Amino acid sequence: MVEEKKKNNKKRKISIITVFLWLLLIVTMSVITIGSIRRQNAVENPVDKVTIKLDMSEIDEEILSAYSSMIESKQFILSRTNSNESIPINFIQKENKVYTYELETVPTKDIELYMSYFDFYEDGKLLENKIRDMFLSSYKEIKVEDLQSEYIFKVRGEKLEVNVLSAQMITTNLEFNNITNIEELPPDFAYVSPLINVGYENGQERYIGIRTSQAKSIMIGSNLRI
């Protein structure tokens, strides 16, 4: 009887250990499987939406008002792939001088963002410039494998005020239809955003514009420079 009791106790211990090992194996395999699925999903779907936020807290209110139709349009930020495919970017909202935009689709290829009229900074660093579609624009290259769900840029630009006789014409001092790189611009050229007429008084028209880091002078009429 004693020997049989010992055998039964031994079998019971072996059974408990076996059940424990099986449970441990099941839990381990479940954790590995769930982790693998999550990693696979993370690779396949890194982000489901891409937003761009422009912090314009340093921009003059009159500039924001005068340029609002441009700033809040689909053309203010352009997204292009290397094969020149376009991904539309929609304006979403303005809140406390922070403008939010959203790409209509999540990019599946490397893209470049082009933003005009102002200087654009990321993490305190001024973005480089390129001439694109007749405009001198700040641009950022985004690799699809490094794609983030949100990009934030600080926007800067000095308000430029010009008063001229209504008979005068305002033009930039260069036409650069065939120029594609900043290095090709002459040393005395500097870009100014399109001037906007915001008033008329005593025979003079008042224009405002944005002077960026690239903008040092414009030409008004024939020889007056600012």
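The structure this text deals with has already been given above.
Here's a quick rundown of the structure. (Residues numbered from 1 in each chain as written. Predicted model: local features only at pLDDT ≥ 70, side-chain atom pairs only at ≥ 80, totals over all residues. Heavy atoms only, no water.)

**Comments concerning the packing of aromatic side chains**
Counting across every chain of the model gives ten aromatic pairs. Ring geometry for tyrosine 114 and tyrosine 139: centres 6.2 Å apart, planes at 25°, overall stacked. Here the residue tyrosine 114 occupies a position in strand β5 (residues 111–115), and tyrosine 139 occupies one in strand β9 (residues 135–142), the gap between them amounting to 25 residues. Pairing phenylalanine 118 with phenylalanine 120 gives two aromatic rings, centres 6.4 Å apart and planes at 85°, and the pair type is edge-to-face. There is no split in this pair, since phenylalanine 118 and phenylalanine 120 are both buried. An aromatic cluster is built from Tyr67, Phe76, Phe91, Tyr99, Tyr101, Tyr117, Phe118 and Phe120, whose rings are joined through pairwise contacts. Positioned over the ring face of tyrosine 121 is arginine 156, at 4.5 Å from the centre of the ring. (Phe/Tyr/Trp six-rings, centres within 6.5 Å; stacked < 30°, edge-to-face > 60°. Helix = DSSP H or I, 4+ residues; strand = E, 2+ residues; numbered from the N terminus. Buried < 20%, exposed > 50% of the residue type's maximum accessible area, 1.4 Å probe, protein only. Lys NZ or Arg CZ within 6 Å of the ring centre and 35° of its normal.)

**Details of the environment of glycine 209**
Residue position: glycine 209 is located in strand β14 (residues 204–211). Put simply, glycine 209 and glycine 157 are 52 residues apart on the chain and 9.3 Å apart in space, counted from C-alpha to C-alpha. Ignoring any residue separated from it by four or fewer positions in sequence, one finds glycine 209 in contact with Ile63, Tyr67, Glu158, Lys159, Leu160 and Leu195. (Contact = heavy atoms within 4.5 Å.)

**Examining the sheet that holds strand β13 (residues 196–201)**
Taken in spatial order, the three strands make up an open sheet running β11-β14-β13, and their pairing is antiparallel. Edge positions in the sheet fall to β11 (158–165) and β13, since each of these pairs with one other strand and no more. Geometrically, the sheet is characterised by an average inter-axis angle of 25° between neighbouring strands, direction not taken into account. When β11 meets β14, the two strands line up antiparallel, connected through eight bridges. From the neighbouring strand, leucine 165 faces β14, where its bridge partner is glutamine 204. (Pairing = 2+ DSSP bridges. Axes fitted to C-alpha atoms, helices over the stretch in contact; angles between N-to-C directions.)

**Observations regarding the environment of isoleucine 210**
Note that isoleucine 210 resides in strand β14. A sequence separation of 16 residues divides isoleucine 210 from proline 194, and the C-alpha atoms of the two residues are 7.9 Å apart.

**A few points about the nonpolar core**
For soluble globular proteins, nonpolar side chains are generally found buried alongside one another. Core analysis: the biggest nonpolar cluster contains 32 residues, and Leu54, Met56, Phe76 and Phe118 have the highest contact counts within it. Counting only elements with at least two residues in this core, the list comes to β1 (51–55), α2 (61–66), β4 (98–103), β5, β10 (150–156) and β14. Excluding residues that lie within four positions of it along the chain, phenylalanine 76 makes contacts with Leu54, Met56, Met70, Ile71, Tyr101, Tyr114, Met115, Ser116, Tyr117, Phe118 and Phe120. (Core = buried A, V, L, I, M, F, W, Y, C linked by side-chain atoms within 4.5 Å.)

**Points about the pattern of salt bridges**
Under the criterion given, the structure shown has 16 salt bridges. Note that lysine 159 is salt-bridged to glutamate 62, the shortest N-O span being 2.6 Å. A residue pair is termed long-range when its members are at least 10 positions apart, and lysine 159 in strand β11 and glutamate 62 in helix α2 qualify at 97 residues. Looking at glutamate 62, the relative accessible area reads 26%, which means it is partly exposed. Measuring nitrogen to oxygen at the nearest pair gives 2.6 Å for the salt bridge that ties lysine 109 to glutamate 85. Of this pair, lysine 109 sits in the loop between β4 and β5 while glutamate 85 sits in the loop between β2 (77–81) and β3 (89–95), and the two are 24 residues apart along the sequence. We classify lysine 109 as partly exposed; its relative accessible area is 43%. Look at glutamate 85 and you get partly exposed, because its relative accessible area is 37%. Connected through shared salt-bridge partners, Asp60, Glu62, Lys159, Glu161 and Arg206 make up one network. (Salt bridge = Lys/Arg side-chain N within 4 Å of Asp/Glu carboxyl O.)

**Some remarks on the sheet that holds β10**
Spatially, six strands are ordered β3-β4-β1-β10-β6-β7 in an open sheet, and the strand pairing comes out mixed. In this open sheet, the two edge strands, each paired with only one partner strand, are β3 and β7 (125–126).

**Observations regarding the side chain of aspartate 119**
Assignment of secondary structure puts aspartate 119 in strand β6 (residues 119–122). Of the buried charged residues, aspartate 119 lacks a salt bridge, with arginine 156 as the closest side chain of opposite charge at 8.0 Å. In terms of polar contacts, aspartate 119 uses its side chain to reach the backbone amide nitrogen of serine 213, at 2.7 Å. (Lys, Arg positive; Asp, Glu negative; His and termini not counted. Polar contact = N/O pair within 3.5 Å; in protein donor to acceptor, adjacent residues only side chain to side chain.)

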